Every structure is written in structure tokens, then in C-alpha cells.
Amino acid sequence: MSRRTRARMQAVQSRENGWDLTSCRTATMPSYNALYDPNMRHYFENTTIQNHLYKTGQIDKSGRVIDLERNKSKLNIIEREFKEAEKSEYWRQKEEEEMRYRVQQKRHAALDRARAQEKLMKMKEDRQIRQEIVSATRESYGIRYPAVERKKGLRSKGSRSLKSGGATSLGSAPDTGSSFFVTEGEM
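Summarised in this report is the structure supplied together with it.

Rules used in this analysis
Residue positions within a chain follow its written sequence, with the count starting from 1. For a predicted model such as this one, the threshold for reporting local features is a pLDDT of at least 70, and the threshold for listing and counting side-chain atom pairs is 80 or more; totals across whole chains, interfaces and linings nevertheless cover every residue. With hydrogens and water stripped out, all remaining heavy atoms of the structure feed into the side-chain values. Going along the chain from the N terminus, every DSSP run of H or I of four or more residues is numbered as a helix, and every run of E of two or more is numbered as a strand. Each residue is assigned to one of three classes by its accessible area relative to the maximum for its type, calculated with a 1.4 Å probe on protein chains only: buried under 20%, partly exposed between the two thresholds, exposed over 50%. The contact definition used throughout considers only heavy atoms, calling two residues in contact when any of these lie within 4.5 Å. All accessible areas in this document rest on Shrake-Rupley with a 1.4 Å probe, and a residue is counted as covered only by the protein chains that are shown. The residues that make up patches have over 30% relative accessible area and no salt bridge, and they are joined within 9 Å when like-charged or within 5 Å when they are Val, Leu, Ile, Met, Phe, Trp or Tyr. Any carboxyl oxygen of Asp or Glu within 4 Å of a side-chain nitrogen of Lys or Arg constitutes a salt bridge here.

**Section: the overall build of the protein chain**
Okay, so step 1: If you tally the helices and strands in the protein chain, you get six helices and zero strands.
Okay, so step 2: Tracing the protein chain from N to C terminus, the helices and strands come up as α-α-α-α-α-α.
Okay, so step 3: Across the 187 residues in the protein chain, those meeting the buried criterion constitute 6%.
Okay, so step 4: Considering only contacts in the protein chain between residues 6 or more positions apart, those separated by 24 or more positions represent 27%.
Okay, so step 5: When the accessible area of the protein chain is evaluated, it comes to approximately 17,500 Å², of which 54% is carbon and sulfur surface.

Set out below in C-alpha cells:
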């Protein structure tokens, strides 16, 4: 390096060593609020800006600046009330959902019962129709069964009920001595 460059570097180094940076670490910047700045007054006199500041809660209706540091306790109370209101609204909605669920379950149960009842009635009707068809077919061929007559309440004189120890097998004949099938000639 040349002498000139060395001399310049030493001069710059000595100037840099002369700076005391310890005060920068401990010094605090003064707080700045543009609403209190007299040079910004013409900007904040605009009605659009004032409406915005009012909506955001920085000024009141008369245009005075609201100090947030002084009103922190009021803000905390309002925030706490909002949290409590949100919590109560949450639980109210939860209870309402549970109530709707219970009502829906009751409706589904009632519909299931109605469907089951309707199915049972349909099965009974189908069975009745089948029995009528079978009896009509038997009558058309001239065949009558004693079992069918018993169901209708027309028991023969010698037949006994199952409770009293009567015949239980299909092939056994009643006590009257007639066959299992009753034809028109035997009537």
C-alpha cells in the first residue's frame, strides 16, 4: 500500500474510534403520535380522515384525541365482556345443536316406528289375501281342510283343541273317523 492510502485509513480509523456508541444503547426515543403533531394538523382536518379515525376509535365525535394509555382499563373491560359474550354465544349454539339433534332423533325414531307398523300391516294384508286366494282355490276344487274351518271358528263335533291333548300331527284324522281332506260328498 502506498503512504497516502495508509494515511487515509488511519484517519478514518481514528474518527471511528472517536464515536461513543454506549449512549445509543441506553437512550430511548421519545414516543411520537401524529395526532398531536401540529405539522400534521392540516392532514387530520380532512373529513374522510376524521371519519376513519372515529371509526377506528382514535378520536371522539367532537374530534378530540382519545388517549389509549389512559383508557386501557376501559378497553380491557370491554374486551373481557366481548370474550364472555362470545363464550355464552358458543354454549348457546352448542345447546341449540344438541336440542336439534335430539328432536331429529325423535323424528327418525317416529318415522322408523311408522315404517315398521306400515310394513307389518302390509304383511298382514298380504297374508290375508294369500289365505283368501288359497281358500278360493280350494273351494273351486271342492276341497276343504278341517284346519281352515277351525280358524274360522267352525270346529267339528269330535275334534279337540291342542291344549286338551288332541291330534298334533298333520296326517292324523279327527276323532270323527273321516279323512284329512273333506270333500263335498262328506259334508
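Alright, that's what it looks like, and here's the rest.
**Remarks on a nonpolar patch on the surface**
Okay, so step 1: Residues L68, L75, I78 and F82 make up a contiguous nonpolar surface patch of about 370 Å² in total accessible area.
Okay, so step 2: Counting through the fold element by element, I78 comes out in helix α5 (residues 72-141).
Okay, so step 3: Since its relative accessible area comes to 41%, I78 is described here as partly exposed.

**Thoughts on the pattern of salt bridges**
Any two side chains of opposite charge can pair, so long as their charged atoms come close to each other.
Okay, so step 1: Tallying each qualifying case throughout the model produces eight salt bridges.
Okay, so step 2: A salt bridge links R64 to D60; its shortest N-O distance comes to 3.1 Å.
Okay, so step 3: E89 is the salt-bridge partner of R92, the closest N and O atoms lying 2.6 Å from each other. Here R92 and its partner E89 are both found in helix α5, three residues apart, which amounts to about one turn of the helix.
Okay, so step 4: Looking at R92, the relative accessible area reads 41%, which means it is partly exposed.
Okay, so step 5: Overlapping salt bridges bring together E89, R92, E96 and R100 as one network.

**Considerations on the environment of L68**
Okay, so step 1: The residue L68 is located in the loop between α4 (47-55) and α5 in this model.
Okay, so step 2: By relative accessible area, L68 is classed as partly exposed at 45%.

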